[in-house]
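Below, each chain spelled out in residue letters.
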Amino acid sequence: MKTFLLALLSLSGIVCSAQDSLEVTKLGNLPYNEIINDVWGYATPTKEYALVGVNTGFSIVDVTNPKVPVEKHFIPGNNTVWRDIKTWSHYAYVVHDGVGGSRNSDGILIVDLNTIDSTNISYTQFFPMVNIGGNSFTYRNAHNLFVDENGVLYLFGSNLGVGGAAMFDLTLDPNNPTFLGAYDGAYYHDGVARGDTMYGAAINIGKFEVVDVSNKMAPVVWASKATPNNFCHNIWFSDDNKTVFTTDEKKGAYITAYDVSDLSSVQELDRIRTTIYDPNEVIPHNTHVKDDFLVTSYYTSGLQIVDASQPDILIETAYYDTSPVQGDGFDGAWGAYPYLPSGNILVSDRQEGLFILKSTYPRACFFTAFVKDSVTQNPIPTADVTVVRASIGGQTDLFGNFKGGRRDTGDFLVVVEKPGYHTDTMHVKLRRGIVRHRSIALLPIGFSIDENGNTSRHINIYPNPTNGVFNLELKGIEDPKARVEIWDLAGRQHFNQAFDVANGEMRLSPALNQGVYIVRVTNGELTYATQRLVITPQIKFRIFRL
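Residues numbered from 1 in each chain as written. Predicted model: local features only at pLDDT ≥ 70, side-chain atom pairs only at ≥ 80, totals over all residues. Heavy atoms only, no water.

Caption draft 1: Main features of the overall build of the chain. For the chain, the count of helices and strands is one helix and 46 strands. By the burial criterion, 53% of the 546 residues in the chain qualify as buried. For the chain, the computed accessible surface area is about 22,700 Å², with 49% contributed by carbon and sulfur atoms. (Helix = DSSP H or I, 4+ residues; strand = E, 2+ residues; numbered from the N terminus. Buried < 20%, exposed > 50% of the residue type's maximum accessible area, 1.4 Å probe, protein only. Areas by Shrake-Rupley, 256 points an atom, 1.4 Å probe, with all protein chains shown as cover.)

Caption draft 2: Quick look at the packing of aromatic side chains. What the rule picks out here adds up to 21 aromatic pairs. With a centroid separation of 5.1 Å and an interplanar angle of 85 degrees, the aromatic rings of Y299 and F330 are classed as edge-to-face. Taken as a pair, Y299 in the loop between β26 (293-298) and β27 (302-307) and F330 in the loop between β28 (315-320) and β29 (333-337) lie far apart in primary sequence, 31 residues in all. A relative accessible area of 2% means that Y299 is categorised as buried. Counting every residue linked through ring pairs, the aromatic cluster contains W40, F146, Y199, W236, F237, Y337 and Y339. Above the ring of F237, the side-chain terminus of R194 is found at 3.7 Å from the ring centroid. (Phe/Tyr/Trp six-rings, centres within 6.5 Å; stacked < 30°, edge-to-face > 60°. Lys NZ or Arg CZ within 6 Å of the ring centre and 35° of its normal.)

Caption draft 3: Representation of unusual backbone geometry within the structure. Residue P463 follows Y462 across a cis peptide bond; omega there is -10 degrees. Residues N464 and P465 are joined by a peptide bond in cis, for which omega reads 10 degrees. Inspection of the secondary structure puts P465 in the loop between β39 (458-462) and β40 (470-475). Positive phi, close to 50 degrees, is recorded for Y361, a residue that is not glycine. Relative to the assigned elements, Y361 resides in the loop between β31 (353-359) and β32 (365-373). Looking at Y361, the relative accessible area reads 14%, which means it is buried.

Caption draft 4: Looking closely at the sheet that holds strand β16 (residues 178-183). Judged by pairing direction, the sheet is antiparallel, and its four strands sit side by side in the order β13-β14-β15-β16 without closing on themselves. With partners counted over all chains shown, the strands left at the sheet margins are β13 (144-147) and β16, one partner each. Between one strand and the next, the sheet's axes are offset by a mean angle of 20 degrees, whatever the strand orientation. Pairing of strand β14 (residues 152-156) with strand β15 (residues 165-169) involves five bridges; the strand directions are antiparallel. When the sheet's bridge partners are listed, V152 is paired in β15 with D169. (Pairing = 2+ DSSP bridges. Axes fitted to C-alpha atoms, helices over the stretch in contact; angles between N-to-C directions.)

Caption draft 5: A look at the environment of I459. Note on placement: I459 falls in strand β39. Setting aside its immediate chain neighbours within four residues, I459 contacts H422, L472, E473, L474, I477, V519, V521, A529, T530 and Q531. (Contact = heavy atoms within 4.5 Å.)

Caption draft 6: Up close: the pairing of strand β3 (residues 36-43). When you tally the buried positions in β3, you get seven out of eight residues, the bulk of the element. The pairing of β3 with strand β4 (residues 48-54) spans six bridges and is classified as antiparallel. What sits directly across from A43, in β4, is E48. Here β3 folds back onto β4, and the loop between the two strands holds four residues.

Caption draft 7: Looking closely at the side chain of N229. Along the chain, the position of N229 falls in the loop between β20 (220-226) and β21 (232-237). There is a polar contact of 3.4 Å between the side chain of N229 and the backbone nitrogen of Y254. Those residues within four positions of N229 in sequence are excluded, and the remaining contacts are D248, K250, G252, A253 and Y254. (Polar contact = N/O pair within 3.5 Å; in protein donor to acceptor, adjacent residues only side chain to side chain.)

Caption draft 8: Just the pattern of salt bridges, in detail. Taken as a whole, this structure holds 15 salt bridges when the rule is applied. The closest approach of N and O atoms between R432 and E23, which form a salt bridge, is 3.5 Å. With R432 in the loop between β37 (424-430) and β38 (435-442) and E23 in the loop between β1 (21-22) and β2 (24-30), this residue pair connects regions lying 409 residues apart in the sequence. Judged by its relative accessible area of 35%, R432 falls in the partly exposed class. Shared partners join several salt bridges into a network, and the residues in it are E23, D408 and R432. (Salt bridge = Lys/Arg side-chain N within 4 Å of Asp/Glu carboxyl O.)

Caption draft 9: Examining the nonpolar core more closely. Judged by nonpolar contacts, the single largest core of 68 residues is most densely connected at F58, M198 and L354. Ranked by residue count, the leading element in this core is β4, at five residues. Those residues within four positions of M198 in sequence are excluded, and the remaining contacts are Y154, F156, A165, Y183, Y188, V192, A193, E209, V210, V211 and V213. Counting residues in hydrophobic clusters, the runner-up holds 21 residues, among them I459, I461, L472 and I535. (Core = buried A, V, L, I, M, F, W, Y, C linked by side-chain atoms within 4.5 Å.)

Caption draft 10: Representation of the sheet that holds β2. Strands sit in the order β2-β31-β30-β29 across an open sheet of four strands; the sheet is antiparallel. Edge positions in the sheet fall to β2 and β29, since each has one partner strand and no second. With direction set aside, neighbouring strand axes in the sheet form an average angle of 25 degrees. With six bridges connecting them, β2 and β31 associate as antiparallel partners. In the strand pairing of β31, V24 is matched with S359.

What follows is the structure, given as structure tokens:
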């Protein structure tokens, strides 16, 4: 329990500065005397800045030297828990939520970042008046915002209409945006847009929507998809526009990947949770895509980095916990900004302040397999695939496909099993950034003739299960260099010996503990045949050649 540990260290006079981390380094930290919320970034050719939402205003921090962050400006505002920021050109646009009536609103705060080096930074407050569906609205608050590559500002979760997406052009006058239109079909908590496509996080109806905004006065919903925990809080897209990723802001919720290349059939690809502490407890907040990595803020578990280069195999490869708090509350990391030119990552922790972090963005190791019937060549569904001691396992899908991955490299034994078939095993070398694929043909039990009319290579163990001596019958294996190996399911080898097998039969009584084992007949990396062996009480080892 990290909170209890910190208390013990404090009582003993030890200052605890270490954080739970993997492949992420802390470069600097700027504490605040009050609660902070969202974070964004801004860079000039020579300097980098953090733009931080504070409950009582907006903070601009010079992070060019990440070890010594310096607050350059603070613009006070009405108190709010939510203050989100985005940039366009040399302007920052800041919104807030939950501020009550119009007199408590700061409007849309528009800050001229060209004046950062001035004593007094230049900013304006914008209160647009718009007409949506024949009704007039004066802007008061919004939950979030986004600016696309064309300079269109999207306000999400505002008091304009039902709080869908109100769109404004920033290119003509960045200090006085021009209203373009609105999508008013559902409340959006967050969203993104690229080209003529907008993705909205419709949190109250538990799904995301894909909207055609080519005509911003008359947007059209193209597609929608429910999210796993029915509380779609945040959405982001891949650089190739083929995949979107969502977070559900609930305890134990997932980051989920979806294939949106065909909007007539949006498909879930994979889902993942953090491994820092109990994933059933912590709450994900916001995810962003940096190249093909997911950079996500979790409230009480800090920063998580996921290799999403294979979006159907999401693998956590790095993390950094910014918070001493545990559990399912809304303390800790609010936002994570990964787009500074230096590669540094900005994380806003509500209580602990601004963190400047650095990661190597390590790649994951991937393993995929296609399992088929060696006689019919048909795919085999629900075959059990286990990469022993690699925390990779599961069953093949309806089409015989299996996929998995892990963070660390290694050499592993793969066991493939299916009732009615002989077990197969193989070795696989998993390396970062590489997808290892194997096509595996399982031999049906009792089948002895191959497709060429020859005797199939297989082994038959009897009796099995056994509590004593068992017979190993070898079929179609004439290689004098063949070896018989016995492995346990933890990947440990218990027996390895060469035999002149020559279509013969052996009687084995190895000294094995009670359990399940895999018997293999191999020649180097070539596996001739495999079979499962079940051993009961331990007995002495002896070999008889028939």
